[in-house]
Amino acid sequence: MKSAVSMDTIVNLAKRRGFVFAGSEIYGGLANSWDYGPLGVELKNNIKQAWWKKFVTSRLDMVGIDGALIMNPKVWEASGHVATFTDPLVECKSCHERYRSDQIDVAKPCQKCGNKGTFTEPAAFNLMLKTFLGPKEDATAAAYMRPETAQAMFVDFNQVLTSSRKRVPFGIAQIGHAFRNEITPGNFIFRTREFDIMEFEYFVHVNEWEKHFAYWLEQMHEWIAECGIDAEKSHDLEVSAEDRAHYSKRTVDIEFDFPFGRKELYGLAYRGDFDLKNHSQHSGKELVYTDPITNEKYIPHVIEPTFGLDRTFLAVLLSAYDEEMGEDGEKRVVLRLKPHLAPVKVAILPLMKKEELVHIAKPLAEKLAKNFAVEYDETQSIGKRYRRQDEIGTPYCVTVDYDSLEDKAVTVRERDSMKQERISLEKLPEYLKERVG
Ligand code: GAP
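Residues numbered from 1 in each chain as written. Predicted model: local features only at pLDDT ≥ 70, side-chain atom pairs only at ≥ 80, totals over all residues. Heavy atoms only, no water.

### Observations regarding the sheet that holds strand β6 (residues 123-126)
Put simply, the rule reads: DSSP-based pairing: two strands are paired if at least 2 bridges between them are found. Runs of E in the DSSP output that reach at least two residues are strands. Runs of H or I that reach at least four are helices, and both are numbered from the N terminus. The axes used here are C-alpha line fits, helices contributing only the stretch in contact, and every angle between their N-to-C directions lies in the interval 0 to 180 degrees.
Taken together, the three strands give an open sheet; going across it, the order is β5-β4-β6, and neighbouring strands pair in antiparallel fashion. The sheet terminates laterally at β5 (98-100) and β6, the two strands that pair on one side only. Strand after strand, the sheet turns through a mean of 50° between neighbouring axes, direction not considered. Two elements, strand β4 (residues 86-91) and β5, share three bridges in a ladder whose sense is antiparallel. By the bridge assignment, E91 is partnered in β5 with R98.

As structure tokens, this is what we get:
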């Protein structure tokens, strides 16, 4: 069995190998702001692509959109976010540190200054990030950075329905940035003030919501398995009525055992007709569906599976991380990433930095890079180079050696088993395509 991995280990690996590092670092950073580096952006893009393929392009009942990050402020009044998208905030009267009152014990001393019994009464703190559009900084120019991607899928409902000619049940999907003025961000990329959400609104007839809810919960678990996220560490939580978001009639959270505790990874909500009904009322535009067979006119109900991209990224890294003792007695760190998610699919390594080997290896890397994410590395010993690739999860290493000059073949080493095979240069692209897509 794999030993538990600590957050420090993952954060260090992420920084050292260029997955994720602190943003604005040369200016001392900005608390809880993170940049995805060269490997991180590849892993993130691969997750997005896999999600889009599974839930959008490979289905006939789903279409995607890419909505604006800043919407008409009236959207957030109709959606209930202005009134209710809040967390309970308390402030230490002594040092003025602010906390979420549902995350601390207010009977205990302040974690920062140690004074006891000094907290203010909880007050509702709205999490939406405000900005101003144009040169005026007054109420007429105020706008919000979107706190969820969902609303564009509701307000664009008529546009999408008319242009795509979909019939209920069908879904509208989106991947994009969201902003929340979190009171207590932290735990690396788990809770930040800007993050990506992958989610869709699936429109159904009210009589069928339970069937669709059960189906999408199953699909979410299938996705978790496909990403290589540890299923044993994933748990369904039926969210109680008082803990549900203001729009939800039923929510199941999928939680994950992170090193800092069991926390929300994904959510599945039954939003009823809350959003389409409210936007119809507030905008004066009917957001309804007419069944072309029965002529029944109704407001579709909504099932919403939502997936935090950054939390997916973190759960994928934590699940893939493994350490073992190599045959040489040295520790081998290996990211057992699913090949379709691995940022680098194949590493091309000349056995030594010698002209005749480089002469074959470099053009081979350039040729393969047209179809696969390739890394070319001619520095250090071959053992060290294998270890570097293991640590970033590269599924295949290809070594060009002196025999290659004669037999026109290379040695292919598989990451997890470390088994090596001799494959002809001619067959190599096909060999890799079958294994890494
Ligand atoms: N449209 C529904 C919605 O936005 P949510 O549970 O508030 O639901 C969706 O957020 C997902 O976004 C969560 O399940 C979580 O994975 C992720 N998420 C929420 N807040 C986050 C934050 N501050 N930092 C990173 N990810 C976050």
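### A word on the packing of aromatic side chains
Defined as follows: A pair of Phe, Tyr and Trp rings is counted when the ring centres sit within 6.5 Å of each other, with Trp represented by its six-membered ring. The angle between the planes then sorts it: under 30 degrees is stacked, over 60 is edge-to-face, the rest tilted. Working definition: with a 1.4 Å probe on protein chains only, accessible area under 20% of the residue-type maximum means buried, over 50% means exposed, and in between means partly exposed.
Under the criterion given, the structure shown has 28 aromatic pairs. On the basis of an interplanar angle of 85° and a centroid distance of 4.9 Å, the ring pair of Y36 and F313 is categorised as edge-to-face. You can see Y36 sitting in strand β2 (residues 34-36) and its partner F313 sitting in helix α9 (residues 309-320), a full 277 residues away along the chain. A centroid spacing of 4.8 Å and a plane angle of 65° characterise the contact between F200 and W216, whose relative ring orientation is edge-to-face. Of this pair, F200 sits in strand β10 (residues 194-204) while W216 sits in helix α7 (residues 209-226), and the two are 16 residues apart along the sequence. W216 carries the same exposure label as F200, and that label is buried.

### Side note on the environment of K277
Following the sequence through the fold, K277 ends up in helix α8 (residues 274-283). Relative accessible area serves as the criterion here: at 35%, K277 is assigned to the partly exposed category. For K277 and P300, which are 23 residues apart along the polypeptide, the C-alpha to C-alpha distance reads 9.3 Å.

### Regarding the sheet that holds strand β16 (residues 301-308)
Using the following cut-off: Whether two residues touch is decided by their heavy atoms; if any such pair falls within 4.5 Å, the residues are in contact.
An order of β3-β9-β10-β16-β13-β12-β11 is seen for the seven strands of this open sheet, with the pairing classed as mixed. The strands lining the two open edges of the sheet, one partner per strand, are β3 (62-64) and β11 (234-238). Neighbour-to-neighbour, the strand axes of the sheet open up by a mean angle of 25°, direction not taken into account. Pairing of β3 with strand β9 (residues 170-179), which is carried by three bridges, proceeds in the parallel orientation. Each bridged residue has a counterpart across the sheet, and for V63 the counterpart in β9 is I172. Here helix α2 (residues 38-57) sits on the sheet in contact with β3, β9, β10 and β16, set at roughly 160° to β9. Against the sheet, α7 touches β3, β10, β11, β12 (250-258), β13 (261-272) and β16, its axis set at about 150° to β13.

### Thoughts on the site of the ligand
So the rule is basically this: If a single non-hydrogen atom of a residue is within 4 Å of a molecule or strand, that residue counts as near it. What qualifies as a polar contact is a pair of N or O atoms within 3.5 Å, subject to a donor-acceptor requirement within protein and to the restriction that residues adjacent in sequence count only when both atoms come from side chains. Per-residue accessibility takes into account occlusion by the displayed protein chains alone, with areas from the Shrake-Rupley method and a 1.4 Å probe. Residues are grouped as follows: Ala, Val, Leu, Ile, Met, Phe, Trp, Tyr, Cys and Pro are nonpolar; Asp, Glu, Lys and Arg are charged; all remaining types, including Gly, are polar.
Inspection of the region around the ligand gives 20 residues, with E148, T192, E199, E264 and L265 positioned closest. The separation between a nitrogen atom of the ligand and a polar side-chain atom of E148 is 2.6 Å. At 3.5 Å from a nitrogen atom of the ligand is found a side-chain nitrogen or oxygen belonging to R311. Starting from 560 Å² of accessible surface for the ligand in isolation, the protein chains cover 92%. Of all the secondary-structure elements, those providing two or more residues to the shell around the ligand are β10, β13 and β16. Sorting elements by how many residues they give to the shell around the ligand places β13 first, with five residues. Looking at the shell around the ligand, its residues break down into seven nonpolar, four polar and nine charged.

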